[in-house]
Every structure is written in C-alpha cells, then in structure tokens.
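Chain and residue survey
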Amino acid sequence: MANDTAVLARLRGATKAYGALRALDGIDLGLRGGELLALLGPNGAGKTTAIGLLLGLVRADAGEVELFGMDPQRIEARRNIGVMLQDAQLPATLKVGELIRLTASYYPAPRSVAESAELAGVTEWLQRPYGKLSGGQQRRVQFALALCGRPKLLFLDEPTVGMDIEARRKLWQAIRHLVAEGNSVVLTTHYLEEAEALADRVCVMARGKVISEGSVGALRARIALKRVWCSTSLPLAEVAAWPEVAEARIDGDRLCLSTEHVELLVRRLLAQDATLSALEVRAAGLAEAFTELTRDDNILVQEAA
Amino acid sequence: MNAPVDLSILSERPHAAPMPRGRVFAAYLQETRSEILRYLRNPGFLLPTLLFPTVFYLMFGVLLGHGNGQQARYMLAAYSTFGVMAPGLFGFGVSLALERDGGLLTLKRALPMPPAAYLIGKMAMAMLVAAVIAALLLSLALFVAHVPLSASQALRLFALEIAGVVPFCALGLLLGTLIKGQGAPGLVNMIYLPMAFLSGLWFPLSVMPKFLQQVAALWPSYHLNQLALAAVGMPSQGRGALHAGVLCAFTVACLWLAARRLRRNG
C-alpha cells in the first residue's frame, strides 16, 4: 500500500501532569502504518496516559498529539481506530452479538458480526449475555469489539490479562492476522513474552519518558548480555576480575556469569579449566533486558568480589 | 488517463473515512435499541420503577380510597408524576454514575460513537419506561378504580408524563456527573423521595406546614404535578404555561451544568 510508511499516530514533546505528578515528561512517539508497536514499562511509567492522549481521552498540557493527522478528539480521526481498554464494564445484560452490532454501527464500513466474532474466536458465545462470560472470555469479546469496525489502527491496553495460555495464543494469532492484513497495532503489556512474540518495535517507558525504542532484537542488543553457567574449580573472585565478565555470582553449585562477549569468555573458561563441566549459555530474555533498562541507576556492571 | 493506481492511493489516504449520513442515523438507532434492551432485561431497575407507583396507587388511591372517585383522580396525577421521575433519575443518573465508574463511558468516548447518541439512547429508554408507567396507572384508574376520565384527559396525562420525564433526565444527567459508583442509587433516592414528598405527591400540600407549601415551587416535580392535576381535571395552582416554562428552564440549566462538568472531567 502507498501509505504503509505514513505516520498514523504521533506524540511530539507531549507532557501531561496530574497535580505534582508528571505522568508524561515530553515524550515523542510515532506509529507507522502496518507495524505493531509494544509499549512496555512498569506501572506508573505513563503507558496508559500516552494511550489516553492518542485516543483523545485526556488533553496534553504541552506538545502535539496527532491521530491520522488530526486532533484525536475529532470523531473522524477515531473512525479509523479500534479500542480495547484495560477495564471497561460492558452492559452485562446485552448479548455478545448485540454488543458487536452496536459497536460496529459507529464505523463507516465495519466487518459483519459473524466475521468479527470469527476473527476474535467468540462465535460460540454470540447468543450469550456478556455478564455470564468468564473474565478471559469477556476480554476476547472486547477484542471482537476492537476489530469490528475494520480499523486501520488498534489500541490494545493489556489485552491478555486474565486469559489462560490457550486463549492468549489464539489472541496473538488474531493480532498477527490483523497486522498481516496491513493494519497497525499499539499494544501495552506487562507480559514481556507478549511483546517478544508480536512486536516489530518495542518502546520502553519509565517515569513518563521513552528510555529505549527499537526492535526486540535491538533492545536485546543494547543490553547484549548473555548468561553463562558452569561448574568449575576456578575461584569466583578470580573470574569476576576478568575484563569479559560483567557480573559474577554463585548460583547453586555453579558459577553464573553475565557477559557481553560470550565467545571470548567461554574460550577463556575452557582454556583455564580443563575439567570444567555443566556449561550452559543463554541469551538474556527480554525480561532481563527490560529490568536492566528501567533500573534507576542503569548501571549494569557490578563487581562480585 | 486510465490510472487505477492513483485512485487507489486516493482511497487509501489514512484520514479519508467518510461516514454516510444513513450510517450515523443507524448508530443512533443501535444505541437507543441497546439501551432499551439492556434495561428491559434488568429487573433490578425495571421492577422497582414499575412496581412502586402502581402498587402505591393501587393501595392508597384505589383500595383505601373507598370508591372515592376524586381521591383516585387526584392520586392518578400524583403517582404518575412520582412514577415518571424514576426512569429519568435512575435510568439516566444512576446509570451514568455507574458507567463513569466502570469505564464504559471512557471506552465510548474513545470509540467513534456520535456523542449525542449516548444521551438520546438513554432518554428514549426513559421515555419508553415513562410511557409504560403512565399506561399502567391510567389502566388502573379507568378499569379498577373506575375514575370517570374523558379520552382527551387520559391522552393529555399520557402525553404530559412522557414529556415530563425530560426534566428528570436532565437532573439525572447532572447528578450522574456529580456522583460516581456503587453509592449512586442510595444518593439518588435521597433526592428522589424527599422531592416527591415535598412536592405534595404523597400528601396534599394543603395538609403540610406553611413553610413547606411556600418552598414547593422550588421542585420540578411540583410543577409537573400541577400540570398533571390540570390534565385530569383537578383544581391546580398557577398557570400551565408558567409551570411548563419553569420545567423548560430547569431542564436547560441542568443540561448546561452537566455539559460543563462532562467537558471538564469526562
């Protein structure tokens, strides 16, 4: 498509304070067509406020907010988006099919009820009152509501909270399907594996600022730590002093080393201790990378000795 | 000349999302339909709203009236007024308070719902329930208490009570912007019941202390009740146009205050 690289939603120098609390401290964020952007960050990082600005729910104190080139408070801008918020209690006495039909009526060219239900995997509950569904099932209905308007951009705020693993996998599959069709998604999540499984780009937020932005790979590379475990006769203090070692500690009966230069470290370990055993090398998960990034001091090197 | 590529680019422009007028209208209809369905299926709202005025009327106006036609006629007006206050105050006020608390209003504001559809849907629901209440009370009056009402009197009361729900929708809307959450029904009752009492809906104002008679004109339900009394051919205080004017002014004032609060706080 011609506009795949067009910016669909943008925050530029956006600031928002609630009293003395600076929820957003001048953040820049751009979402391009056809990509899935994950917003990661601890509670209070400003993710929900950033989404609130883009949805027109709150006004920025300073800076620019654009949705499809317009003020998000204009209804024409919001006709391009689908929304799944963290907690919205929908009318319990309405049936799932009725909720989808109502929400679809807000859009110019929505999907049919059957298609929306099929995509979100809620077809079997169409005739059931929303209030009779379990929490995880209700989340899937809310996902059906988010996609029923055939939106070009979906905002999903913690979409898989309360879902079992099976339901979560199905939802991921549906999200991938929507992105493959050329739609864009902004996702906030606590589940790092979710960002890892879905996102083209990850934006890590902390204290109202974007502290890292890039692909999952780039985020990992920025931290670039690998963990090495081994049983060795080498003393901890000696290994910890090697320049390749960022951090060293005892983990059970093995040594656990963190390093940015895993090949160098492993070569040196094997050279120095011919009896070394139980060697294991693992890439740090996004979880570790994330913890490192949002740490206040951001200092990774810690001498163990 | 034949350049389909150009056309596709035009139609794919991100902000080109025209909404045909027919679809906007359909959104209003769907919103109204959903509001009505959802409250008709909610016995916690529907039963007290329908039962309180009808049971009270049956007890005090019909059974304890000992076949006194004038008492049954007077109470038809009073309980109709009492009855139509509830769908406005509860259907509008309490539901708004709960939906603000439960995040539904936030979701609807994020969605491209036409903003007026939300209000019109709730108002249509309140008017429908008011019509049912007025019809039930009129049936009791005509067929159980045998109040001699002319067709035009019955129709006037019916039409008046449907329109009369509007000021209470406006008051409910204002209350719904001021209060939030699970305490809302109790708080609205603390306005609803005293207001009904002070407007002379349960006991005639003439048997009440002088001071309460003097302040009765402050309550919208007093004005609606005077109109209802006139509609069924009972003596009433003041001129009809004046009561209608007060109710209109009250509605506009409540809407204005509510709109101001919604804009500021959402």
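Residues numbered from 1 in each chain as written. Chains lettered and ligands numbered in written order. Predicted model: local features only at pLDDT ≥ 70, side-chain atom pairs only at ≥ 80, totals over all residues.

**Things to note about the overall build of chain A**
Scanning chain A for helices and strands turns up 11 helices and 13 strands. Overall, chain A is about 70 × 45 × 40 Å in size when its C-alpha atoms are taken along their principal axes. Looking at chain A as a whole, 43% of its 305 residues are labelled buried. Taking as baseline every contact in chain A between residues at least 6 positions apart, the subset at least 24 positions apart corresponds to 69%. (Helix = DSSP H or I, 4+ residues; strand = E, 2+ residues; numbered from the N terminus. Buried ≥ 20, exposed ≤ 12 C-beta atoms within 10 Å, placed from the backbone. Contact = placed C-beta atoms within 7 Å.)

**Focus on the overall build of chain B**
From N to C terminus, chain B includes 11 helices and zero strands. In sequence order, the secondary structure elements of chain B are arranged as α-α-α-α-α-α-α-α-α-α-α. Dimensions of chain B, computed from C-alpha atoms along their principal axes, come out at roughly 85 × 35 × 35 Å. Across the 266 residues in chain B, those meeting the buried criterion constitute 43%.

**Concerning helix H2 (residues 21-40) of chain B**
Residues and elements named next belong to chain B. Given a rise of 1.5 Å per residue, 20 residues ought to cover 28 Å, and the 29 Å separating the end C-alpha atoms of H2 matches this to within 8%. Buried residues of H2: Ala27, Gln30, Glu31, Ser34, Glu35, Arg38 and Tyr39, and no others. Considered in projection along H2, the buried side chains sweep an arc of 145° and stay on one side of the axis. Across from the buried face of H2, at angles greater than 90 degrees, the exposed residues are Arg21 and Gly22. (Expected span 1.5 Å × (residues − 1). Arc of directions from axis to C-beta.)

**With respect to the domain arrangement of chain A**
Its domain assignment divides chain A into domain 1 (7-216) and domain 2 (221-294). When each unit is reduced to the centre of its C-alpha atoms, the spacing between domain 1 of chain A and domain 2 of chain A is 39 Å. (Domains from an automatic or database assignment.)

**Focus on the environment of Gly200 of chain B**
Residues and elements named next belong to chain B. Here Gly200 lies in the loop between helix H8 (184-198) and helix H9 (210-215). Separated by 97 residues in sequence, Gly200 and Gly103 have C-alpha atoms that sit 38 Å apart. For Gly200, the residues in contact, after removing those within four places along its chain, are Leu205, Ala216, Tyr222 and Asn225.

**Quick word on the interface of chain A and chain B**
Every contact between the two is made by 33 residues of chain A and, on the other side, 30 residues of chain B. Sorting the residues of the side of chain A that touches chain B by element identifies helix H2 (75-78) and helix H3 (96-104) of chain A as the ones contributing at least two each. Counting residues per element, the side of chain A that touches chain B draws most heavily on H3 of chain A, which supplies four residues. The residue makeup of the side of chain A that touches chain B, split by class, is 19 nonpolar, seven polar and seven charged. (Nonpolar A, V, L, I, M, F, W, Y, C, P; charged D, E, K, R; others polar.)

**Structural notes on the sheet that holds strand E8 (residues 201-206) of chain A**
Residue and element names in this part refer to chain A. The strand order E5-E6-E7-E3-E8-E9 describes an open sheet built from six strands, whose pairing is mixed. Single-partner strands in this sheet number two, and they are strand E5 (81-84) and strand E9 (209-214). The sheet shows a mean angle of 15° between the axes of neighbouring strands, direction not considered. Bridge count between strand E3 (residues 36-40) and E8: four bridges; the pairing is parallel. Bridging from a neighbouring strand, Leu40 pairs with Val204 of E8. Each of E5 and strand E6 (153-157) is contacted by helix H5 (residues 135-147), which is oriented at about 165° to E5, the strand it contacts most. (Pairing = 2+ DSSP bridges. Axes fitted to C-alpha atoms, helices over the stretch in contact; angles between N-to-C directions.)

**A look at the nonpolar core**
Most often, soluble globular proteins keep nonpolar side chains buried together rather than apart. Of all hydrophobic cores here, the largest spans 80 residues; its most connected members are Ala38, Val83, Ala144 and Cys203 of chain A. Leave out the neighbours within four places in its chain, and Ala38 of chain A touches Leu187, Thr189, Ala195, Leu198, Ala199, Val202 and Cys203 of chain A. Grouped together as the second largest cluster of nonpolar side chains are 68 residues, Val188, Leu201, Tyr222 and Ala258 of chain B included. (Core = buried A, V, L, I, M, F, W, Y, C linked by C-beta atoms within 7 Å.)

**Things to note about the pairing of strand E1 (residues 7-18) of chain A**
Two faces make up the sheet, and in a regular strand the side chains alternate between them. Residue and element names in this part refer to chain A. With nine bridges connecting them, E1 and strand E2 (residues 21-32) associate as antiparallel partners. Of the residues in E2, the one forming a bridge with Arg10 is Gly30. Hairpin remark: E1 followed by E2, antiparallel, with two residues in the connecting loop; positive phi at Gly19, about 65°.

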